[in-house]
Structures are given as structure tokens and as C-alpha cells.
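# Working through the structure, step by step
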Amino acid sequence: MNSINTRFTEVSNSIQTACQQCNRSPESVQLLAVSKTKPATAIRELYHLGQRDFGENYLQEALSKQQELADLPELVWHFIGPIQSNKTRDIAQSFQWVHSLDREKVARRLSEQRPAHLPPLNVLIQVNIDDEQSKSGVHPDAIAALADFIVQQPHLQLRGLMTIPAAQVSDQQQQQSLQAMQRLFSQLASQYSTVDTLSMGMSNDLTEAIAAGSTLVRIGTALFGARTT
């Protein structure tokens, strides 16, 4: 079985190769280690290899890991799962990033519940680019209105867009979805100076996402191995 050290090197090399193929600087793509269902010991191991940003889907699991890893400075926690209204307070208090914002009500609660002594919470609007019934996220036509609402919230900072493209589609359809996201991101970035992050691409479509302009890839399986739950 490959060690985390080996997998981290392989993923870093994959990002570098993907960037070279489309004439991008490797520094223009950030790696988010998706650590849901993985133990805090694995996060600690990756931390000591230089990884700082970790993504969690499940709030209670994440809070437990944060407590266990409180001795590690510079950890940056990203909440990337669906957000229930009754969970916003803990998310606002315990994370630096939220990738899955898709409702004004949640945006308002996150801002109101963000502690005043903390910097604004960095947020991404989740876009349901393939209009899948089973997925969260706003329709592309709704991005502008939600973005306008977010920037009026005093304790939020709009940083960009996130998407999870449909999995069981042709390469051409996948490419079209990724390119559509890039266009939406460019349009948003032209309107708001804080927008600099396009979160798309996972273990199975990292190369394609980087070619389409992703600035942050969310990698779980390729780093930690297959999940058992």
C-alpha cells in the first residue's frame, strides 16, 4: 500500500504536470486535501509534509479533528459539504473557508454568527453546473444575485465559485461543463476584486479541471486512499 508521503508526492507531481501541459504556473493551483472520514493522524502526517489546507464534509467529525489537532499552527479548514441552517454557527466559528454556499439565508447566518475577532469568512458559491437534481448549488443564472447579497454581508468575503461536475458523462460533456465554469468565474472576477478562486477538480478529473482554469483542486482518494465509508 502506498504511503501518504508517496501519494502526496504523486499528487503534487500530477498538478505540476497538468500545469505544464497548459502553460500555467504550478503555484497558480492550490491543493485542498479532502480528509473526510480519514483520521486526524493522517492529517497530521500530511501537515508535516507541508500541506496546510484541509477540507471536511461532516461538521461533527471536523470539529473533533480540529480539537485533536489544535496544537498544529497554520492549519486552514475548509467546509465543503452541504450546509444545514442549524449548523451555521459552528461552521462560522471554526472554519476559514466555506465552498458550498448556495442560499441567502445561510449566507446571512454565517455572517451574523462569525465571531467579530476573526477575519471575514472566505466563501465560494456552489454552482450546479450540470443541473443535477441530486446536487446542491445554484443555477448559473442565480450567481449574480447571490454574489451581490454576499458582498453586503459584513463578515463574509466572496472569493469565487465551486462546482462538482456530473460524473457519468462523456469527456466532451465534462469539458463543456468545466469551460462553462471558467467563463462564469471570469465574469464574476471582473465584477469583484476579491474573487480569485475557482474550486473544481478532484482525483479523477484533476488534469481536465486545471486545463479549464481551476485554481484549487479538492483531492481525497489520491492522497489518502479509498474511503471505507
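Just above sits the structure.
Residue numbering note: each chain is counted from 1, following its sequence as written. Since the coordinates come from a predicted model, pLDDT governs what is reported: local features require at least 70, and pairs of side-chain atoms require 80 or more to be given and counted, while whole-chain, interface and lining totals use all residues. Excluding hydrogens and water, the side-chain values take into account all heavy atoms of the structure.

Our focus in this paragraph is the overall build of the protein chain. Put simply, DSSP marks the helices as runs of H or I at least four residues long and the strands as runs of E at least two long, and each gets a number from the N terminus on. Summing up its helical and strand segments, the protein chain has nine helices and eight strands in all. In terms of C-alpha radius of gyration, the protein chain reaches 17 Å, essentially the compact-globule figure of 17 Å for 229 residues. Projected onto its principal axes, the C-alpha positions of the protein chain cover 45 × 45 × 30 Å. Buried, partly exposed and exposed residues are distinguished by accessible area as a fraction of the type maximum, computed with a 1.4 Å probe on protein chains only: under 20%, between the cut-offs, and over 50%, respectively. Looking at the protein chain as a whole, 50% of its 229 residues are labelled buried. Whether two residues are in contact is decided by their heavy atoms: any pair within 4.5 Å suffices. Intrachain contacts of the protein chain at a sequence separation of at least 6 include 59% that bridge at least 24 residues. Here, Shrake-Rupley sampling with a 1.4 Å probe gives the accessible areas, and only protein chains in the shown set may cover a residue. Counting only carbon and sulfur atoms, one obtains 45% of the accessible surface of the protein chain, whose full area is about 11100 Å². Computed over 19 positive and 22 negative side-chain charges, the inter-centroid distance for the protein chain is 5 Å. With C-alpha atoms as the basis for the radius of gyration, the globule rule is written as 2.2 Å multiplied by the number of residues raised to the power 0.38. Note that His is not counted, nor are the chain ends; the positive residues are Lys and Arg, and the negative ones are Asp and Glu. Throughout, a charge is located at the NZ atom of Lys, the CZ atom of Arg, the CG atom of Asp or the CD atom of Glu.

Take Lys-135: it is sitting in the loop between strand E5 (121–127) and helix H6 (143–151). Since its relative accessible area comes to 25%, Lys-135 is described here as partly exposed. In this structure the C-alpha to C-alpha distance between Lys-135 and Val-29, which are 106 residues apart in sequence, comes to 25 Å. Dropping the residues within four chain positions of it, Lys-135 is found in contact with Asn-128, Ile-164, Pro-165 and Ala-166.

With that out of the way, let us pick up the side chain of His-78. Of note, His-78 is situated in strand E3 (residues 76–79). With residues near it in sequence (within four places) discarded, His-78 still touches Leu-32, Asp-53, Phe-54, Gly-55, Glu-56, Phe-95, Trp-97, His-99 and Leu-216.

Our next topic: the packing of aromatic side chains. Pairs of aromatic rings are described using the distance from one ring centre to the other and the angle between the two planes. What counts as a ring pair is set by centres within 6.5 Å for rings of Phe, Tyr and Trp (its six-membered ring), and what kind of pair is set by the plane angle: stacked under 30 degrees, edge-to-face over 60, tilted for all other angles. Enumeration over the complete set of coordinates arrives at two aromatic pairs. Between Phe-54 and Trp-77, the ring centres sit 6.3 Å apart and the planes meet at 45 degrees, which makes this aromatic pair tilted. Of the two residues, Phe-54 is situated in strand E2 (residues 53–56) and Trp-77 in strand E3; the sequence distance between them amounts to 23 residues. Across the pair, exposure class does not vary: Phe-54 and Trp-77 are buried alike. When the ring of Phe-79 is compared with that of Phe-95, the centres are 5.4 Å apart and the planes differ by 80 degrees; the resulting orientation is edge-to-face. Of this pair, Phe-79 sits in strand E3 while Phe-95 sits in the loop between helix H4 (88–94) and strand E4 (97–101), and the two are 16 residues apart along the sequence. Take Phe-79: its relative accessible area is 2%, and that puts it in the buried class. A ring is scored as having a charge over it whenever the NZ atom of a lysine or the CZ atom of an arginine sits within 6 Å of its centre and within 35 degrees of its normal. Sitting over the face of the ring of Tyr-47, Arg-52 holds its NZ or CZ atom 3.8 Å from the ring centroid.

What follows is about the packing of helix H1 (residues 4–21) against helix H2 (residues 40–48). To define axes, lines are fitted to C-alpha atoms, for helices over the stretch in contact only, and angles between the resulting N-to-C directions are given on a 0 to 180 degree scale. Look at H1 against H2: their axes get within 10 Å of each other, and the N-to-C directions meet at 55 degrees. Here H2 runs oblique to H1, going by the angle between their axes. The handedness of the crossing between H1 and H2 comes out as right-handed. Where H1 abuts H2, its residues Ile-4, Asn-5 and Phe-8 lie against Ala-42, Glu-45 and Leu-46. Three classes are used, and their members are as follows: Ala, Val, Leu, Ile, Met, Phe, Trp, Tyr, Cys and Pro are nonpolar, Asp, Glu, Lys and Arg are charged, and the others, Gly among them, are polar. Residue classes in the contact of H1 with H2 are distributed as four nonpolar, one polar and one charged. Should an angle fall under 35 degrees it is called roughly parallel, over 145 degrees roughly antiparallel, and 65 to 115 degrees roughly perpendicular, with every other angle called oblique. Crossings are classed by handedness, with left-handed meaning an anticlockwise turn of the near helix from the far one by less than a right angle and right-handed meaning a clockwise turn.

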